[in-house]
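# Structure assessment
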Amino acid sequence: MTDVLSAAGAVELAVLERSGMIESRHLGVAMVVGPDAASLRELGDVDALIYPRSTLKPVQAITALRLGADLDGEELVLATASHAGTAEHVAVVRRILDRAGLDESALQCPADWPSDRAARTAATAPHPLSMNCSGKHAAFLLACVRNDWPTDSYLELEHPLQQAILASVQEFTGHPVEHSGVDGCGAPVHAVTVRGLATAISRVTGPTDDPDASRLAAAIREHPWAIDGPGRANTVTIEKLGLIAKLGAEGVMVMGAADGTAVALKTLDGSLRAATTVALQLLVEAGAVDADAAAEVIAVTSERVLGGARPVGELRAVV
């Protein structure tokens, strides 16, 4: 099996400086590909295996479309979302389930609290609908119903839905899957390389003959609130820059421009703190994003370094 990412394969991607001294360093791997998915820049061992976590939700959503899941607009974006659990997000998930003729009891993602502060305060208990992957699970269930497949086993790797997703992952990344595990939401997660992940996102977000990929990309750009949440990093990046941005647990981030220039990265320690900043800096250096516009997004999404109540440093990319 291909080697998994190790400390020896990581490089420094970002630092946090406080009062003129570097306090923390973020190590990881990253890759930028061009519109033709050709390598533009490689940092660290981009051919080591990682779990892409939620960054491959776009490929899962495209598979659901291919299988007949009748989704569009906000519903399609929820199929690829790591959502904040707001009332608006939950309402869209319910619509998907209604279309499948199912209720929330069919969801096999775990119960969770909303990550949105206001929604969490209003919630009385954790619930599967509030779990950030509930839209993906609802889309899975709709695809199963449209194909008369069992819904009680939709998360098993041998299920025809998951076998179709496995085939799509191999198609979009351009590499065979050597290892599969279980994601935090209970669905299969397939190990890929950062090279393969960057390739997949380029194929989703750039010019393509795949009508389902085009529909997904257009829906995300039209409804950025649905993929994450108001004021949150992915949503702000999409709103302000027109990129498609998708985070994944354990420090994985992907971003893609409309011309197909894309970046994928994974931090060694699993932190997402520097992920948006590093990804945007790499796209700026690739000429895919305006530097001033990217700086504005970084300013509102990056963690502030404060001493008391005043700024005394910054988190910055060093790529």
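Note: the structure precedes this text.
Residues numbered from 1 in each chain as written. Predicted model: local features only at pLDDT ≥ 70, side-chain atom pairs only at ≥ 80, totals over all residues. Heavy atoms only, no water.

### A short note on the packing of aromatic side chains
Aromatic ring pairs: the centre-centre distance and the angle between the two ring planes describe each pair. For the structure on display, the rule yields 1 aromatic pair. Aromatic pair Phe140 and Tyr154: ring centres 6.3 Å apart, planes at 70°, arrangement edge-to-face. Of this pair, Phe140 sits in helix α5 (residues 134-146) while Tyr154 is found in the loop between α5 and α6 (160-173), placing the two residues 14 residues apart along the sequence. The same class applies to Phe140 as to Tyr154, namely buried. (Phe/Tyr/Trp six-rings, centres within 6.5 Å; stacked < 30°, edge-to-face > 60°. Helix = DSSP H or I, 4+ residues; strand = E, 2+ residues; numbered from the N terminus. Buried < 20%, exposed > 50% of the residue type's maximum accessible area, 1.4 Å probe, protein only.)

### Quick word on helix α1 (residues 57-66)
Counted residue by residue, α1 has 9 buried out of 10 residues, so it is predominantly covered. Regarding α1, the residues found buried are Lys57, Pro58, Val59, Gln60, Ala61, Ile62, Thr63, Ala64 and Leu65. A positive backbone phi angle near 100° is found at Gly68, which sits one or two residues after α1.

### Quick notes on the side chain of His83
The topology assignment puts His83 in the loop between α2 (73-79) and α3 (87-100). Classification of His83 by relative accessible area gives buried; the value is 1%. One polar contact links the side chain of His83 to the main-chain carbonyl oxygen of Met131, over a distance of 3.1 Å. (Polar contact = N/O pair within 3.5 Å; in protein donor to acceptor, adjacent residues only side chain to side chain.)

### Considerations on the nonpolar core
Leu71, Leu161, Leu197, Met255, Val278 and Leu282 are the most contacted members of the largest nonpolar core, which totals 101 residues. Discounting residues that sit within four places of it in the chain, Leu282 has contacts with Ala30, Val32, Arg41, Leu43, Val263 and Val319. (Core = buried A, V, L, I, M, F, W, Y, C linked by side-chain atoms within 4.5 Å. Contact = heavy atoms within 4.5 Å.)

### Overview of the packing of α3 against α5
Running from N to C, α3 and α5 point in directions that differ by 15°, and their axes come no closer than 9 Å. On the basis of their axis angle, the class for α3 and α5 is roughly parallel. Crossing handedness for the pair α3 and α5: left-handed. The segment α3 lies against α5, with Val93, Ile96, Leu97, Arg99 and Ala100 engaging Ser134, Gly135, Ala138, Ala139, Leu141, Leu142, Val145 and Arg146. Here the contact of α3 with α5 is composed, by residue class, of 9 nonpolar, 2 polar and 2 charged. (Axes fitted to C-alpha atoms, helices over the stretch in contact; angles between N-to-C directions. Parallel < 35°, antiparallel > 145°, perpendicular 65-115°, else oblique. Left-handed = near helix turned anticlockwise from the far one by under 90°. Nonpolar A, V, L, I, M, F, W, Y, C, P; charged D, E, K, R; others polar.)

### So, the pairing of strand β1 (residues 11-18)
Across 7 bridges, the pairing between β1 and strand β2 (residues 21-33) is antiparallel. Within β2, the residue paired with Arg18 across the bridge is Met21. The antiparallel hairpin formed by β1 and β2 contains 2 residues in its connecting segment, where Ser19 sits at a positive phi of about 50°. Taken together, the 5 bridges between β1 and strand β13 (residues 313-317) define a ladder with antiparallel strand orientation. In the sheet register, Ala14 faces β13, and the bridge partner there is Ala317. (Pairing = 2+ DSSP bridges.)

### Quick look at the packing of helix α11 (residues 275-285) against helix α12 (residues 291-301)
Direction vectors running N to C along α11 and α12 enclose 180°, while the axes themselves pass 10 Å from each other. On the basis of the axis angle, α11 is roughly antiparallel to α12. For the pair formed by α11 and α12, the contact residues are Thr276, Thr277, Leu280 and Val284 on the first element and Ala291, Ala294, Val297, Ile298 and Thr301 on the second. For the contact of α11 with α12, the class distribution of residues is 6 nonpolar, 3 polar and no charged.

### A few points about the pattern of salt bridges
Going through the model one piece at a time under the given rule, you end up with 19 salt bridges. As a salt-bridge pair, Arg99 and Glu75 come within 2.5 Å of each other at their nearest N and O atoms. Separated by 24 residues along the polypeptide, Arg99 in helix α3 and Glu75 in helix α2 bring together distant segments of the chain. Of the residues examined, Arg99 reaches a relative accessible area of 32% and is grouped as partly exposed. Connected through shared salt-bridge partners, Asp70, Glu74, Glu75, Arg95, Arg99 and Arg146 make up one network. (Salt bridge = Lys/Arg side-chain N within 4 Å of Asp/Glu carboxyl O.)

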